[in-house]
Structure formats: structure tokens, C-alpha cells
Amino acid sequence: MSALLITNGYLATLDEANRFFENGAIHIEDGQIIAVGDLDAGTCPADRTIDAGGKLVMPGLINAHHHLYSTFARGFTPPGPPSSNFEENLKNLWWKLDMALDSEDVYYSALLALMDSARAGCTTVIDHHASPSCSDGSLDEVERAFRDVGLSGCLCYEVSDRNQDGEGIEENERYIRKCRDSDDAQMAALFGMHASMTLGTRTLERCAEAAQDLDTGFHVHVAEDEIDVRLTRERFGQRVMDRFADFGIPGHKSIFVHGTCLEPGEMDLLHSTDSILVNNPESNMNNGLGVSPFLEMLQHGVTVGVGTDGISSHPISQARAMYLHQRAEHRDPTVAFAEACEILLKNNSQICNRLFAEPRGALATGQLADVVIHDYVPYTPVDADTLFGHLMFGVGFSRVETTIARGIVIVDAGHLPGLDEVAIRANCTERARAIWARIN
Ligand SMILES: [Zn+2]
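First, a word on what this report is: a plain description of the structure on this page. (Residues numbered from 1 in each chain as written. Predicted model: local features only at pLDDT ≥ 70, side-chain atom pairs only at ≥ 80, totals over all residues. Heavy atoms only, no water.)

Points about the side chain of S131
Thinking step 1. Tracing the chain through its elements places S131 in the loop between β7 (122–127) and α3 (138–149).
Thinking step 2. Since its relative accessible area comes to 0%, S131 is described here as buried.
Thinking step 3. Sequence-distant contacts of S131, that is, excluding residues within four places in its chain, are made with D98, L101, V106, S138 and Y157. (Helix = DSSP H or I, 4+ residues; strand = E, 2+ residues; numbered from the N terminus. Buried < 20%, exposed > 50% of the residue type's maximum accessible area, 1.4 Å probe, protein only. Contact = heavy atoms within 4.5 Å.)

Okay, structure coming up:
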């Protein structure tokens, strides 16, 4: 049994009553929060007490769509002329990079991105993985990185027909069974697919059959760019969401990513099937794509989340980009601010609560002990009316002092005490050089 006590924190609990405590405490035991608020330290036995020094303490953040394998793309320029559209970007960069990864690269790329996540105050990551040269067992390598850093993860393998028909189906099946048969709630699984434009009819049928037997949801890109819409219409005569619906892909646990080019009828389909749509604004901007209409999706009743899509591991920056993107698009300084913050702080945890057995996203009794002390002492009041302003204009620019994931201190004074960061960095630099040489 291990116990931890955090004292003297400015708590933003994000619990049902949305309570704040200017000098609050959190008592943690065996990975779970057992008490929060004005606690008497004398009645909270602990192996370690952390004085938060009046800094802001919040629940761990959640990244609802990541590609951990993309880590080694940082600083890399693909050979040849710059990609002029989305399809060229996939072919010239991402599909060459993922093909170049071996199983150790899979582990180390995930490890680095998860270390970044921990330092960004993110304690749960929903990942979408591809490594066609070593697909079998690759999700175990990603899982190994999660366990070494200490975060919670929901994994899937990206099935597509781009190399061979249905590549990755078995890896999804294997890993979903592994999670289902395990008593350990740290890891969860979904059935991953790339996108409609890379999935033939037979492959979609096989995925749908496999997932039905496993009682799982899907994790797939949808209408990220006009090309997914156009190729689906040309080859199959349908809108993308209508095609997915024919195979039973939408549902309570299914995550659809981007939706930049979705039409209102497809948003209604997402709503009527209680599906999830995850927005990734910086990725869309980086790829020169349209602005994902998440405000319209909210109006249609869709559950919208936010992720990073591999462009970083920093969830707050995405919520910020999300509302700024909408304000620029609509030329309206009144829109999207509260919605973007609520999507990050509330919707992302609701999404996790569909996928994981342990509840998370609030500082409350019975919640998973994912707790972050931001190196941020507020100089203006923090309450229900002002928290989002602090989040967007202050917290997002501060360091994380302490990250506690599953009741364990994994970031301590900005460092990761459980990992040899120097050795990892040396190893990763060598790996990145070798991967880049293989792509060239
Ligand atoms: Zn993605």
C-alpha cells in the first residue's frame, strides 16, 4: 500500500460541483484519490507529502488522438520536392517513416512522446499506431513505453490496404483480446483503421466482423481532407460516414478523427450513433486543410474531443488552437472559447470513461489518481468563471512541476526520476539518424 498527500494546492477539481480550494489537499492511496479539499493532514497518513506551494493543481490532461510513432519525424525533411497536397504528404513522409520503424524504434518513439506528454501534464493518451515492417507485436512495444513512463493508454493498430490488404487486422484482434483478458486497467484497446480511402470493401468487412466478435469500438480518420471524400465517392458511391455506417463502424466507443469535410447529415449520423469526433486543429492547420467545424458538430449534438495528431504531446496548446482557429475562420471574437476548454477538460474525460474501467478527469474521491501540479501560482482569482482564462493565457505557458499518474510521481520538479533521460536521448538520436538514412 502506498499513500501520497498533496498539501497547500490551489485546487481546480473539475468535479461535479466544480469546486475550488485555495489551500486544498489531496490524499491518494493505491492509485486512487481517497479525499480532496480542506483536509487535516494529521488524519491523512502518507509515505510522502508534497507541498504544492499555492500552485495550481488540476486533474491530469487527456490526449484523445496521438501518433506516438511520429516522434522521429521531428526535424526531418523528406527527400524530394515539398509535398503539395495531403496525399503527397502521406506518401512522401508518413508512410515512409512508419515503414522505416523497427520494433525498438516503435518502443523508443513512444517513450519520447510519452515523456513529453508527462511533462505537459498529460496522463492518458489515446494512440493510433502504424509500423508496417513490424506490425505483429508492435502494440506490445507501445505498451512497454506506457508502462515505463507510467501513463494510461488506449492503443490500436492502423489497418489499411496500402501495403497489403487488411494489414494490421490480426494485431488489433490480438491486442484487444490481451486487454480484455487482463485484470490491469492501465491499458485499453480499440480497433484501428486508417481511413476510408485506404480501406477496400473486403477489408472493411473483415474489420467489422472481427470487432463485432470482440465487442470493441473503432478508431479511424474520417474526411480529414477532400481527397478522402472524393475517393470514397468515386470508388464506392457514398459519403464517408454513410459508408462506415453500412459496416457498423459508428458507436458509443468509436472515435472518428478530424471530420474536416463532413456534411450536416454525417454529423447527425455521429450524433444518432453516439459516436465520438476528435478535432486536431494544429495538425489541420499544418497540413493546410480546412477548419474542422466543431461548433457545428456540437450543435448537432456530437461528442467532440481534442487531440494532437502527433504534432506535439501538449493538449492545452490544442484547445488554444481550437478556439483561435474558429475565431479566425468566423471573424468573430465571441466564439469557441468556452467550448474548446470544456472539450479539453470535460469531453476528453467523458471519452476516456467510455474506454477505460477507471474513472478519470476530476479531483474527487474514487477517481484515478492522475494529478498535476502546474508551476503556476495564480495572481488573479481562480474560480468557475476564470479557470478557462487561466488555462489559455497562463497555465498553458507554464511548466509542469509534478505529474502524478496512477498514484505514482512520474514527473518530479520537472524531471522523470524513473527513467535514464541521458541514455534514452543518446539512443534516440542514433535511432533517428538511422531511420532518416533509411528513408533517404
Ligand atoms: Zn491522426
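There is more to say, and it comes next.
Details of the coordination of the zinc ion
Thinking step 1. Those protein atoms acting as donors to the zinc ion are H65 (NE2), H67 (NE2), H221 (NE2) and D309 (OD), and they sit at 2.0 to 2.2 Å.
Thinking step 2. Geometry at the zinc ion is irregular, judged from the four donor atoms that bind it and their angles of 92 to 159 degrees at the metal.
Thinking step 3. Sequence spacing of the donor residues for the zinc ion, all on one chain, is H-x1-H-x153-H-x87-D. Remark: H221 occurs in strand β11 (residues 218–222) and H67 occurs in the loop between β6 (61–66) and α1 (86–100); sequence separation between them is 154 residues.
Thinking step 4. The exposure class assigned to H67 is buried, which follows from its relative accessible area of 6%.
Thinking step 5. Residue H221 is classed as buried on the basis of its relative accessible area of 5%. (Donors = N, O, S within 2.8 Å, 3.2 Å for Na, K, Ca; no water. Tetrahedral: all angles 85-135°; square planar, octahedral: opposite > 155°, others 65-115°.)

Things to note about the sheet that holds strand β8 (residues 152–155)
Thinking step 1. The strand order across the open sheet built from four strands is β6-β7-β8-β9, with neighbouring strands paired in parallel fashion. Looking at which strands have only one partner, the edges of the open sheet turn out to be β6 and β9 (187–189). For this sheet the average axis-to-axis angle between neighbouring strands, irrespective of direction, equals 15 degrees.
Thinking step 2. Summarising the sheet, β6 and β7 pair through four bridges and their orientation is parallel. In the sheet register, L61 faces β7, and the bridge partner there is C122. (Pairing = 2+ DSSP bridges. Axes fitted to C-alpha atoms, helices over the stretch in contact; angles between N-to-C directions.)

Observations concerning the packing of α3 against helix α4 (residues 169–180)
Thinking step 1. Relative to each other, α3 and α4 sit at 45 degrees, their axes nearing to 9 Å. One element, α3, and the other, α4, form an angle in the oblique class. Residues S138, L139, D140 and E143 of α3 touch α4, and the partners they reach there are E171, R174, Y175 and K178.
Thinking step 2. Its residues placed into classes, the contact of α3 with α4 shows two nonpolar, one polar and five charged. (Parallel < 35°, antiparallel > 145°, perpendicular 65-115°, else oblique. Nonpolar A, V, L, I, M, F, W, Y, C, P; charged D, E, K, R; others polar.)

Regarding the packing of aromatic side chains
Thinking step 1. Per the counting criterion, the structure on display carries six aromatic pairs.
Thinking step 2. Plain terms: the ring middles of Y107 and Y108 are 4.9 Å apart, the flat faces sit at 80 degrees to each other, and that makes the pair edge-to-face.
Thinking step 3. Through pairs of rings, three or more aromatic residues link up here, namely Y323, F337 and F393.
Thinking step 4. Over the ring of Y107 we find R144, and its NZ or CZ is 3.7 Å from the ring centre.
Thinking step 5. Here R243 stacks its cationic end above the ring of F236, 3.6 Å away from the centre of that ring. (Phe/Tyr/Trp six-rings, centres within 6.5 Å; stacked < 30°, edge-to-face > 60°. Lys NZ or Arg CZ within 6 Å of the ring centre and 35° of its normal.)

With respect to the pairing of strand β12 (residues 255–258)
Regular strands have side chains that alternate between both faces of the sheet.
Thinking step 1. The pairing of β11 with β12 spans four bridges and is classified as parallel. Its bridge partner being in β12, V222 is matched across the sheet by H258.
Thinking step 2. Where β12 lies against strand β13 (residues 276–279), three bridges are found, and the strand directions are parallel. Considered in β13, the bridge of F256 is made with L277.
Thinking step 3. This β-α-β element, β12 to helix α8 (residues 264–272) to β13, shows right-handed connectivity. (Right-handed = clockwise from strand over helix to strand, strands pointing away.)

Digging into the pattern of salt bridges
Thinking step 1. Within this structure, the stated rule accounts for 32 salt bridges.
Thinking step 2. A salt bridge links K55 to D375; its shortest N-O distance comes to 3.3 Å. With K55 in the loop between β4 (48–51) and β5 (56–59) and D375 in the loop between β15 (371–374) and α13 (387–393), this residue pair connects regions lying 320 residues apart in the sequence.
Thinking step 3. Looking at K55, the relative accessible area reads 17%, which means it is buried.
Thinking step 4. By relative accessible area, D375 is classed as partly exposed at 32%.
Thinking step 5. Put simply, D140, E143, R147, E171, R174, K178 and D184 are held in one network by salt bridges that share partners. (Salt bridge = Lys/Arg side-chain N within 4 Å of Asp/Glu carboxyl O.)

Topic: the layout of surface pockets
Thinking step 1. Roughly 750 Å³ of volume is contained in the largest pocket.
Thinking step 2. Mapped by element, the contributors of at least two residues to the lining of the largest pocket are α1 and α9 (281–286).
Thinking step 3. Among the residues forming the lining of the largest pocket, the class breakdown is 14 nonpolar, 18 polar and four charged.
Thinking step 4. One number sums up the size of the second largest pocket: a volume of about 360 Å³. (1 Å grid on protein atoms, 1.4 Å probe; cavity = no way out; pocket = protein on both sides within 12 Å on 5 of 7 lines; lining within 4 Å. Points joined across faces, edges and corners; volume = space filled by probe spheres on them.)

Things to note about helix α14 (residues 421–439)
Thinking step 1. Along its 19 residues, α14 runs 26 Å from first to last C-alpha, staying within 8% of the 27 Å computed at 1.5 Å per residue.
Thinking step 2. Buried within α14 we find E421, I424, C428, R431, A432, I435 and I439. The buried residues of α14 occupy one face: seen down the axis, they fall within an arc of 110 degrees. Set apart from the buried face of α14 by more than 90 degrees, the exposed residues are V422, R433 and A437.
Thinking step 3. Its buried side turned inward, α14 meets α1 and α2 (103–119). (Expected span 1.5 Å × (residues − 1). Arc of directions from axis to C-beta.)

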